[in-house]
Amino acid sequence: MTMQTTTFEKDLSARQSAKAAAHTATALSAGVTGVDQPAANRGKTSIADVVVVKVAGIAAREIPGVHDMGGGLSRTIGAVRDRVPGGRPNVGRGVKVEVGERQTAIDLDLVVEYGVTITDVAHDVRENVISAMERTTGLEVVEVNISVNDVHLPEDDGDHSVADSRVE
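Residues numbered from 1 in each chain as written. Predicted model: local features only at pLDDT ≥ 70, side-chain atom pairs only at ≥ 80, totals over all residues. Heavy atoms only, no water.

A. Structural detail: the overall build of the protein chain. Broken down by element type, the protein chain carries 4 helices and 6 strands. The helix and strand sequence of the protein chain, counted from the amino end, reads α-β-β-α-β-α-β-β-α-β. Classification of the 168 residues of the protein chain by burial places 28% in the buried group. Within the protein chain, counting contacts between residues at least 6 apart in sequence, those at least 24 apart form 63% of the total. Accessible surface computed for the protein chain: about 11,400 Å², of which carbon and sulfur atoms make up 52%. (Helix = DSSP H or I, 4+ residues; strand = E, 2+ residues; numbered from the N terminus. Buried < 20%, exposed > 50% of the residue type's maximum accessible area, 1.4 Å probe, protein only. Contact = heavy atoms within 4.5 Å. Areas by Shrake-Rupley, 256 points an atom, 1.4 Å probe, with all protein chains shown as cover.)

Written as structure tokens, this is what we have:
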């Protein structure tokens, strides 16, 4: 009796081996070898998890109403890091992903601007992330879970002038 490996078992096996590797990657095509194969099919394509994180982070930040991403501590550390000369912003802050062989699930932590409709922003972020991910990586997005951690108020920017003060 021969046993066939189910898609779930393959996906689970891929996740387990991916977690064991230091730099995990997802195989999008098994690839074949041989000069008799079409050029586009010769070889294997893999996408590192960090690529999925960055694509999702950039796509989420493109939506109007998203002020920042990440929890309080990660935003604080990120603010310090952004001020260091030569430091680059972390586009992956606030993004967690789980990547299988052909699918991905994404969790986002957002800070939205005061005055926007949170459900509308979440809808737009979800649409943009799914579209960018499927277009860029070819991975099927199973779900995009959004957690709104904070609301950015206009006075949080620290641009207070004496004229704005109610008392003298």
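From this point, things continue past the structure.
B. How the structure looks around helix 4 (residues 118-137). Taking 1.5 Å as the rise per residue, helix 4 with 20 residues should run 28 Å; its terminal C-alpha atoms sit 28 Å apart, in good agreement. Within helix 4 the residues assigned to the buried category are V121, A122, V125, V129, A132, M133 and T137. Seen end-on, helix 4 carries its buried residues on one side only, within an arc spanning 110 degrees. For helix 4, exposure combined with an orientation more than 90 degrees from the buried face picks out T119 and R135. Positive phi appears at G138, one or two residues downstream of helix 4, with a value of about 80 degrees. (Expected span 1.5 Å × (residues − 1). Arc of directions from axis to C-beta.)

C. A look at a nonpolar patch on the surface. On the surface, a nonpolar cluster with roughly 340 Å² of combined accessible area is contributed by Y114, I118, V148 and V151. Its relative accessible area of 31% is what places V148 among the partly exposed residues. (Patch = residues over 30% accessible without salt bridge, like charges linked within 9 Å, V, L, I, M, F, W, Y side chains within 5 Å. Salt bridge = Lys/Arg side-chain N within 4 Å of Asp/Glu carboxyl O.)

D. Layout of the confidence of the model for the protein chain. Looking at the protein chain as a whole, its pLDDT mean stands at 78, while 64% of the residues score no less than 70. The spread of mean pLDDT over the elements of the protein chain runs between helix 1 (residues 7-20), the lowest at 46, and helix 4, the highest at 97. With pLDDT under 50 throughout, residues 1-10 is counted as low confidence; its partners more than four residues away or in other chains account for 3 contacts. Across residues 12-23, confidence stays below pLDDT 50; counting only partners more than four residues off in sequence or on other chains, it has 5 contacts. (pLDDT = per-residue confidence, 0-100.)

E. Quick peek at the environment of S147. For S147, the location among the structural elements is in strand 6 (residues 140-152). Overall, S147 belongs to the partly exposed group, its relative accessible area being 31%. For the pair S147 and L108, spaced 39 residues apart in sequence, the C-alpha to C-alpha distance is 6.1 Å. Those residues in contact with S147, other than ones at most four positions away along the chain, are L108, D109 and L110. At 3.3 Å, the side chain of S147 forms a polar contact with the side chain of N149. (Polar contact = N/O pair within 3.5 Å; in protein donor to acceptor, adjacent residues only side chain to side chain.)

F. Focus on the pattern of salt bridges. Evaluation of the coordinates by the stated rule reveals 2 salt bridges. R93 serves as the salt-bridge partner of D68, at 3.1 Å between the closest nitrogen and oxygen. Taken as a pair, D68 in strand 3 (residues 66-69) and R93 in the loop between helix 3 (72-83) and strand 4 (95-99) lie far apart in primary sequence, 25 residues in all. According to the relative accessible area criterion, R93 is buried, its value standing at 11%. Across the pair K96 and D109 runs a salt bridge whose closest N-O atoms are separated by 3.5 Å. With K96 in strand 4 and D109 in strand 5 (residues 103-113), the pair connects residues that are 13 residues apart, well separated along the chain.

G. View of helix 2 (residues 49-61). Between its terminal C-alpha atoms helix 2 stretches 19 Å, which fits the 18 Å expected from 13 residues at 1.5 Å a residue. Listing the buried residues of helix 2 in full gives V52, V53, V55, A56, G57, A59 and A60. Tucked into the core, helix 2 has its buried residues touching strand 2 (45-48), strand 3, strand 4, strand 5 and helix 4.

H. Spatial organisation of the packing of helix 2 against helix 4. Where helix 2 contacts helix 4, the axes come no closer than 8 Å and their chain directions differ by 140 degrees. Considering the angle they form, helix 2 stands oblique to helix 4. Crossing hand, helix 2 versus helix 4: right-handed. In contact with V52, V55, A56, A59 and A60 of helix 2, helix 4 contributes V125, N128, V129, A132, M133 and T136. Classifying every residue of the contact of helix 2 with helix 4 by side-chain character gives 9 nonpolar, 2 polar and no charged. (Axes fitted to C-alpha atoms, helices over the stretch in contact; angles between N-to-C directions. Parallel < 35°, antiparallel > 145°, perpendicular 65-115°, else oblique. Left-handed = near helix turned anticlockwise from the far one by under 90°. Nonpolar A, V, L, I, M, F, W, Y, C, P; charged D, E, K, R; others polar.)

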